[in-house]
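Spelled out, the chains give:
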Amino acid sequence: MSLGFLPQLPPAFGQPALFGALLLAGLLGGELVRRLLGLPRITGYVLAGVLLGPQVSGLLAPGALGEARVLIDLSLGLIVFELGHRLDAQWLRRNRWLFVAAIAESAFCFGAVLAALLAFGFQPLLAATAAAIGTATSPAVGLLVAHELRASGQVTERMLLFTAVNCVLAYVALTLLLPFLHLEHAMSWREAVLHPLYILGGSALVGFVASLAMLWLAGWVGKREDHQFILLVALVVLAVGAARSLNLSVVVTLIILGMLARNFDYEHVLLPLRFGYGGQLFFVILFVLTGASVEFTALPGVAAAVAAFIVARFLGKGLAIVAFGRLSGVRPGSAGLLTLALLPMSGLAVVMVLDTQAMYPAFGGELAAVVLSAVAVLEILGPIATQFALKRAGEADPAAGSA
Amino acid sequence: MDEMQFTPSSGPTLGVELELQLVKSHDYDLARDAGELLARLEKVKLPGAVKPEITESMIELNSAVHTRYAALAAELDAMRDAVVREAGMLNLQVCGGGAHPFHSWTERRVFPTERFKHVLERYGYLAKQFTVFGQHIHVGCASGDDAVYLVHMMTRYVPHFIALSAASPFYQGEDTSFQSSRLTAVNAFPLAGHMPFVKDWAEFLEYFDKMRAFGVVESMKDFYWDIRPKPEFGTIEIRVCDTPLTVERAARLAAYAQALARWLLDERPRPAQRAVYLVNAFNRFEAARFGLRGQLIDPFAETKRPLAEDILDALAGVMPQASALEGAEALAALAADVRRGYSDADWLRERFAANKSLAHTVRESAARWAGDKPRASG
């Protein structure tokens, strides 16, 4: 008697099972960490990922991680879109010093990290690449902590604004470094110049077109929260797909989509953005997956450089905020908290490292290990820092509990 | 007893307090940055004063004491501009209106000062539900006796002020069907209502001392009456108005109160009568529920008539006093609005009907407060 309807053992679980398992692991990890250690749930999502990942249990094989890249891109796309949507050009126009402070925050941070890495004897070009990656604050951590604490106030708003600006600038810097990396690899001048132009211009164009479509369709759909939610997710996913298949940058495309959808909405067709529970799913997936892809093994070997990287990054951001914060209306006591809130690095940095490595294997080895180890450390410490900062600033809703 | 010493005012002087909503620019829900904004405003030279109010979503503009409407209007204008500008630096917007259309009261936090903490402890959820925004108008009186007379006589006109200022049709995400839903939130307090029918200041002091001896109140602040005497300022304070959607309207309402007070105190048209308090609750409800479309029972003529008609007659009646006080233009503007049936509450409903989103209704209301040209009539 043959039982051909039975699956082969062990059964092959596909994407749906992976998706479910990641969510469940994240939920359990987040809740355990919160209950037992009183730490933010995000830290638990990441730890769950670390436990599932190739470095510990290996339940998530590197192959599965590759498949999950789609999920990372989608989650990051939605998050970065929301971040772009919070970037209010009118605020920057009204408060010029804020714009200066945001630019300085990125520039000082880049400079400080670059200097630290050069001091460790890394090659200037590669050090600059790593510094560009280090400039970006994790948009996912900032948004999720703010959501979960229902935080509202100046530190929260500025953290999100500075994050949006430093993510954009980090990507622009990274892209502008491309020609030099190209030349280093003896590729043609033409390729060296055209590639960054293609990435930035193409991403901007896709984001622009998608924002026009979003605004037009939102006007047609009308002010129904449920319908607009579907519309936003649909266009975000479409834009992520388009950016991926055109070899563009998902992050730049989506942040531009968010910014333009907000700032071109002259007719006021869009409702205030609320991703709610649906958005939470993607946050959990993103953090578990980045947890699974973090690199701890190299940490002992490069510990000193990692420490220098993190400290320089913090000091760079802090110096800019202290220098320009007052002029832009940050209260003296809040400058330190704002700097602390901007500490997290996460999925975005991992994606940046992977992308750079894919194009330039030379950006591997020790330097990638430094950046990825810094990410690993800040994955754990970052959410704690952000939560502490927002609570300390008195901007968390006491009724919301702990993130 | 110092607090209850009536400081005489020279004639019907004017002063205004406006409670304003602070909203976030990205979702138009109430913000919690009153503290930050106040800290910024401390460094700005302002004609009046800006103060914290009970929740961190609210600030209060206090005008100086004025004798003329034009000066009050100009001052409110300047304060409005300064507040809007400083709020803009913090990515906040400011708006008028008696209530925030969709905030959830459970999320409100009370400003961490001693008095407000005490209010929260004492009144529980009422204190948070009391996230409503009103305009208080002070009119000067020469003596405590004048103040008592004026409170009794002004009570007949309370529905006028309710209907003319009504700007809170939406509350916690719903159309309440009221023109002023704010007033209902005020009613819940045990010491809401009106001053008892005392004949003069001496009798009022007797009443006050008794209430204090009972331990019902500690100071005049504990009475949430529609109109109350304010002895240390030498004024009566009309507290029934929603904060209008524009400073212009706020100043006009004050001009109307001033002209009425001048007429009542100069002409003494009739002795104070207990009858006003018999019909007060009915009139007050009609005005809050239906606004200008409500009815009013005239306790003196013992007739029921449309509120709008009564307002137009009263505005015309005190026009000589308004002219003498250089406020005729303000009363004429109010009368024109009544004639075409305009109210801020209707404007808010109209904007909601047009844009189908309370968040966008708040956005338009904030733009209007800031002085942008309104889209609709008004």
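### So, the overall build of chain A
Helix and strand content of chain A: 18 helices and zero strands. At 21 Å, chain A has a C-alpha radius of gyration in line with the 22 Å of a compact globule built from 403 residues. Burial analysis of chain A (403 residues in total) assigns 53% to the buried set. Partitioning the contacts of chain A with sequence separation of at least 6, the portion at a separation of at least 24 is 80%.

### Considering the overall build of chain B
Counting secondary structure elements, chain B contains 15 helices and 13 strands. Taking 378 residues into account, the globule formula puts the C-alpha radius of gyration at 21 Å, and chain B, at 20 Å, falls close to it. Overall size of chain B, expressed as C-alpha extent along the three principal axes, is 55 × 45 × 35 Å. By residue count, 52% of the 378 residues in chain B fall in the buried class. Of all intrachain contacts in chain B linking residues separated by at least 6 positions in sequence, the fraction that spans at least 24 positions is 77%.

### Let's talk about unusual backbone geometry
Residue and element names in this part refer to chain B. Phi at R268 takes a positive value of approximately 40°, unusual for a residue other than glycine. Examined against the element boundaries, R268 turns out to sit in the loop between α9 (247-267) and α10 (275-290). Of note in this structure, E302 is not a glycine but carries a positive phi near 55°.

### Some remarks on the interface of chain A and chain B
Every contact between the two is made by 18 residues of chain A and, on the other side, 23 residues of chain B. Contributions of two or more residues to the side of chain A that touches chain B are made by α5 (89-94) and α9 (154-176) of chain A. In terms of residue class, the side of chain A that touches chain B is built from four nonpolar, seven polar and seven charged.

### Some points on helix α13 (residues 328-339) of chain B
All names here are of chain B. For α13, built from twelve residues, the straight-helix expectation of 16 Å at 1.5 Å per residue is met to within 8% by its first-to-last C-alpha distance of 16 Å. Among the residues making up α13, those that are buried are A330, L331, L334 and V338. The arc that holds the buried residues of α13, viewed along the axis, is 95°, so those residues lie on one side. Among the exposed residues of α13, those oriented more than 90 degrees off its buried face are A336 and R339. Following α13 by one or two positions, G341 adopts a phi angle in the positive range, close to 70°.

### Here we look at the packing of helix α6 (residues 158-165) of chain B against α10(B)
When two helices pack together, you describe them by how their axes are tilted relative to each other and by the distance separating the axes. Residues and elements named next belong to chain B. Between α6 and α10, the shortest axis-to-axis distance is 8 Å and the interhelical angle comes to 10°. On the basis of the axis angle, α6 is roughly parallel to α10. Contacts between α6 and α10 involve V158, P159, I162 and A163 from the first element and N283, R284, E286, A287 and A288 from the second. Here the contact of α6 with α10 is composed, by residue class, of six nonpolar, one polar and two charged.

### With respect to the nonpolar core
Grouped together as the largest cluster of nonpolar side chains are 251 residues, with contacts concentrated most on A:I255, A:F309, A:V371, B:L22 and B:L150. In contact with A:V371, not counting residues within four places along its chain, are A:A130, A:I133, A:G134, A:A349 and A:V353.

### What to know about the pairing of strand β1 (residues 14-24) of chain B
In regular strands, side chains alternate between the two faces of the sheet. Residues and elements named next belong to chain B. Of all eleven residues making up β1, eleven are buried, and the element is well covered by its neighbours. Going residue by residue along β1, you find L14, V16, L18, L20, L22 and K24 tucked away on one face and G15, E17, E19, Q21 and V23 tucked away on the opposite face as well. Summarising the sheet, β1 and strand β5 (residues 134-140) pair through five bridges and their orientation is antiparallel. In the strand pairing of β5, E17 is matched with H136. By the bridge criterion, five bridges tie β1 to strand β3 (residues 58-62) in an arrangement that is antiparallel. Looking at the pairing, E19 lines up with E60 of β3. By the bridge criterion, four bridges tie β1 to strand β4 (residues 92-95) in an arrangement that is antiparallel. Following the sheet pairing, L22 is matched in β4 by V94.

### Some remarks on the packing of helix α4 (residues 69-86) of chain A against α9(A)
Residues and elements named next belong to chain A. Where α4 meets α9, the closest approach of the two axes is 9 Å, and the angle between their N-to-C directions is 115°. Classified by the angle their axes make, α4 and α9 are roughly perpendicular. α9 is crossed by α4, and the crossing has left-handed handedness. Contacts between α4 and α9 involve V80, L83, G84 and R86 on the former and, on the latter, L160, T163, A164 and C167. Its residues placed into classes, the contact of α4 with α9 shows five nonpolar, two polar and one charged.

### Some thoughts on the pairing of strand β12 (residues 295-298) of chain B
All names here are of chain B. Both β12 and strand β13 (residues 303-306) contribute to a ladder of four bridges, which runs antiparallel. Looking across to β13, one finds that L296 is bridged to R305. What sits between the antiparallel neighbours β12 and β13 is a turn of four residues, in which E302 has the positive phi angle 55°.

### Remarks on the confidence of the model for chain B
For chain B, per-residue confidence averages 91 on the pLDDT scale, and 95% of positions sit at 70 or higher. Counted against residues more than four places away or in other chains, residues 374-378 of chain B, with its pLDDT under 50, gives eight contacts.

### Some details on the environment of B:T13
Residue and element names in this part refer to chain B. By the element assignment, T13 lies in the segment before β1. Owing to 21 C-beta atoms within 10 Å, T13 belongs among the buried residues under this scheme. It is 10.0 Å that separates the C-alpha atoms of T13 and A142, two residues lying 129 residues apart in sequence. Each residue touching T13, except ones within four places of it in the same chain, is listed here: V65, H66, T67 and G140.

Definitions and cut-offs
- Residues numbered from 1 in each chain as written.
- Chains lettered and ligands numbered in written order.
- Predicted model: local features only at pLDDT ≥ 70, side-chain atom pairs only at ≥ 80, totals over all residues.
- Helix = DSSP H or I, 4+ residues; strand = E, 2+ residues; numbered from the N terminus.
- Rg over C-alpha atoms; globule rule 2.2 N^0.38 Å.
- Buried ≥ 20, exposed ≤ 12 C-beta atoms within 10 Å, placed from the backbone.
- Contact = placed C-beta atoms within 7 Å.
- Nonpolar A, V, L, I, M, F, W, Y, C, P; charged D, E, K, R; others polar.
- Expected span 1.5 Å × (residues − 1).
- Arc of directions from axis to C-beta.
- Axes fitted to C-alpha atoms, helices over the stretch in contact; angles between N-to-C directions.
- Parallel < 35°, antiparallel > 145°, perpendicular 65-115°, else oblique.
- Core = buried A, V, L, I, M, F, W, Y, C linked by C-beta atoms within 7 Å.
- Pairing = 2+ DSSP bridges.
- Left-handed = near helix turned anticlockwise from the far one by under 90°.
- pLDDT = per-residue confidence, 0-100.

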